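# Structural characterization, general
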Amino acid sequence: MQPRDLSTHVPYEAGRGIEEVARELGMDPGDLVKLASNENPFGPPDAAVDAIQRAAANASSYPKAAHTDLTDALADRHGVDPAQVWLANGGDGALDYLARAALEPGDAVLVPDPGFAYYEMSARFHHGTVNRYDLSRPEFTQDGDVVCSQYDGERVVYLTSPHNPTGSVFSLEDVVEIADRTGEETLVVVDEAYAEYADVQSGVSLLGGDGAADHAFAERDDVAVLRTFSKAFGLAGVRLGYAVVPGAWADAYARVNTPFAASELACRAGLAALDADDHVAKSVETARWAREHMRDELDAPVWESQGNFVLVDVSDARGPESADAVASELQERGVIVRDCTSFGLPGCIRVTCGTEAGTERAVDAINEVLAA
Ligand SMILES: *Cc1c(COP(=O)(O)O)cnc(C)c1O
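Read on for a plain summary of the structure. Residue positions are given per chain, counting from 1 as you read along its sequence in written order. Where totals are concerned, whole chains, interfaces and linings use all residues; where local detail is concerned, this predicted model gives features only for residues with pLDDT of at least 70, and gives and counts side-chain atom pairs only at 80 or more. Hydrogens and water molecules were not included; the side-chain quantities draw on all heavy atoms of the structure.

## Let's talk about the overall build of the chain
Labels follow the DSSP assignment, with helices taken as runs of H or I lasting at least four residues and strands as runs of E lasting at least two, numbered in each case from the N terminus. Across its full length, the chain holds 13 helices and 12 strands. The size measure is the radius of gyration over C-alpha atoms, and the globule rule it meets is 2.2 Å times the number of residues to the 0.38 power. By the compact-globule yardstick of 21 Å for 372 residues, the chain fits well, its C-alpha radius of gyration being 20 Å. Only protein chains enter the accessibility calculation, which uses a 1.4 Å probe; a residue is then buried when its area is under 20% of its type maximum, exposed when over 50%, and partly exposed in between. In the chain, which comprises 372 residues, the share counted as buried stands at 55%. Considering only contacts within the chain whose residues lie at least 6 apart along the sequence, 71% involve residues at least 24 apart. Areas reported as accessible are Shrake-Rupley estimates using a 1.4 Å probe. Residue values count occlusion only from the protein chains shown. Approximately 16,000 Å² of the chain is accessible, and the part contributed by carbon and sulfur atoms is 46%. Contacts between residues were defined by any pair of non-hydrogen atoms, one from each residue, lying within 4.5 Å.

Laid out in structure tokens, this is it:
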């Protein structure tokens, strides 16, 4: 026998890993700079590494207390009820829980194009269908009109703010406008995977959370916010993320989550990372410097970004479908970036903000390749 018909399901294309590329090039992994997956170039916080080592001794027990402790800590941080925090195996896992909780078979979702591939994968896993809203070039502007003019009654609308791979954001006013203008049975998911790097008010303040007092918007039952430990907290490898959901959705978690959604090691690492303020601050500061540095120094158009990455247009220098070639040539120089062809942008690469040295090395290499 065979699996069900998966012909509409497209495999996720991850950024290339350092070991993989090093092996292929016969290079030492230490000589490579990986700026392809928006990971934290400073690694995990030391306290999280210690916590994982300590938690190893408890690996034979299910993570009940750790799960509760982390949920409580996050609820406290965001000023919401613990039941509104849905822990998951990465932000991607939280997207799955939201799709599981929201979608009936055949329900449609609306996703950005270009955009993060997992929204539509997750919708398809949950027997949903996928429509897209275009972020038109050259600016890739994100606002209420862009989304609402292309909305057609979908059950879930995904907003990415800051947006991957362009770095643009929705203001809180835009989110409210979209939630108001879409149907009562439409959930607006605000993906804030890169929120720590941005200067924009979080959607959590629409869920009764902190910041609610700073504006006049009412608490909503049709917005959910996605967060992850993979980026600013430096824990992509442990797989830890969460959704903050409306109070009215809280009970659904117990009905849709895979039991013990986040591991003991992940929860303990997450708890430690939440206290690693210096590490997060250094990561954010350096990313803000690096994205401006790349905009100033690269010999190609670079979009303004509020994330820990920039989108670079290499088409003027090397042709409209040159991203693949540019990424390969950079790889030969030991710099791994993301070819954005799979995002539908074959003339663009996405470059993660590195350490100061890593970023400078990337700038030199990219300018060399652009001049070739
Ligand atoms: C990285 C990322 C996520 C979450 O990734 P996880 O590693 O699964 O937490 C979600 N959305 C976007 C747009 C991302 O770039």
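From this point, the discussion proceeds with the structure in view.
## Observations regarding helix α12 (residues 323–332)
Every α-helix winds through 3.6 residues per turn, so residues three or four apart in the chain are directed the same way. Inspection of α12 places A323, V326, A327, E329, L330 and Q331 among the buried residues, and these make up the whole buried set. Next to the buried residues of α12 lie α1 (18–25), α11 (315–318), β10 (335–336), β11 (338–339), β12 (348–352) and α13 (356–371). Immediately downstream of α12, the backbone of G334 shows phi near 85 degrees, a positive value.

## Focus: the environment of E329
Its location among the elements puts E329 in helix α12. Sequence separation of E329 and G43 is 286 residues, and the distance between their C-alpha atoms is 26 Å. For E329, the contacting residues outside a window of four places in its chain are R318, V369 and A372. In the analysis that follows, any N or O atom pair within 3.5 Å is treated as a polar contact, provided that within protein one partner can donate a hydrogen and the other can accept it, and provided that, for residues neighboring in sequence, both atoms belong to side chains. Here the side chain of E329 touches R318 through a polar contact of 2.9 Å, side chain to side chain.

## Overview of the sheet that holds strand β2 (residues 85–88)
We treat two strands as partners when DSSP finds at least two bridges between them. Taking strand neighbours across the sheet as the criterion, the seven strands line up as β2-β8-β7-β6-β5-β3-β4 in an open arrangement whose pairing is mixed. The open sheet has two edge strands with one neighbour each: β2 and β4 (129–134). Strand-to-strand twist in this sheet, taken as the mean axis angle between neighbours without regard to direction, amounts to 25 degrees. Relative to strand β8 (residues 241–244), strand β7 (residues 223–228) is paired through four bridges, and the arrangement is antiparallel. Directly across from L226, in β8, lies its bridge partner A243. A fitted line through C-alpha atoms serves as each axis, taken over the contacting stretch for helices, and the angle formed by two N-to-C directions is quoted from 0 to 180°.

## Examining the pattern of salt bridges
Pairing of side chains with opposite charge becomes possible as their charged atoms draw close. For salt bridges, the criterion is a side-chain nitrogen of Lys or Arg within 4 Å of an Asp or Glu carboxyl oxygen. As enumerated under the stated definition, the model contains 17 salt bridges in all. Linking K34 and E39 is a salt bridge whose minimum nitrogen-to-oxygen distance equals 3.2 Å. Linking E185 and R155 is a salt bridge whose minimum nitrogen-to-oxygen distance equals 3.3 Å. Taken together, the residues E185 in the loop between α7 (172–181) and β6 (187–191) and R155 in the loop between α6 (144–148) and β5 (156–160) connect sequence positions 30 residues apart. Overall, the relative accessible area of 56% leaves E185 in the exposed class. On the basis of relative accessible area, R155 is assigned to the partly exposed category, the value being 22%. Connected via shared salt-bridge partners are D69, E264 and R268.

## Focus on the packing of helix α10 (residues 277–297) against α13
Running from N to C, α10 and α13 point in directions that differ by 20 degrees, and their axes come no closer than 10 Å. In terms of orientation, α10 and α13 fall into the roughly parallel class. Where α10 crosses over α13, the two elements pack in a sense that is right-handed. Contact residues: T286, W289, A290, H293, M294 and E297 in α10; E356, T359, E360, V363 and N367 in α13. Just so you know how the angles are binned, under 35 degrees is roughly parallel, over 145 roughly antiparallel, 65 to 115 roughly perpendicular, and the rest oblique. Crossing handedness follows the turn of the near helix against the far one: under a right angle anticlockwise gives a left-handed crossing, and clockwise gives a right-handed one.

## A look at the sheet that holds β12
The strands making up a sheet are joined through hydrogen bonds of the backbone, oriented either antiparallel or parallel. Reading across from one edge, β9-β12-β11 is the order of the three strands in this open sheet, with antiparallel pairing throughout. Each having just a single partner strand, β9 (309–313) and β11 make up the two edges of the open sheet. Summarising the sheet, β9 and β12 pair through five bridges and their orientation is antiparallel. When the sheet's bridge partners are listed, L311 is paired in β12 with R350. Against the sheet, α12 touches β11 and β12, its axis set at about 40 degrees to β12.

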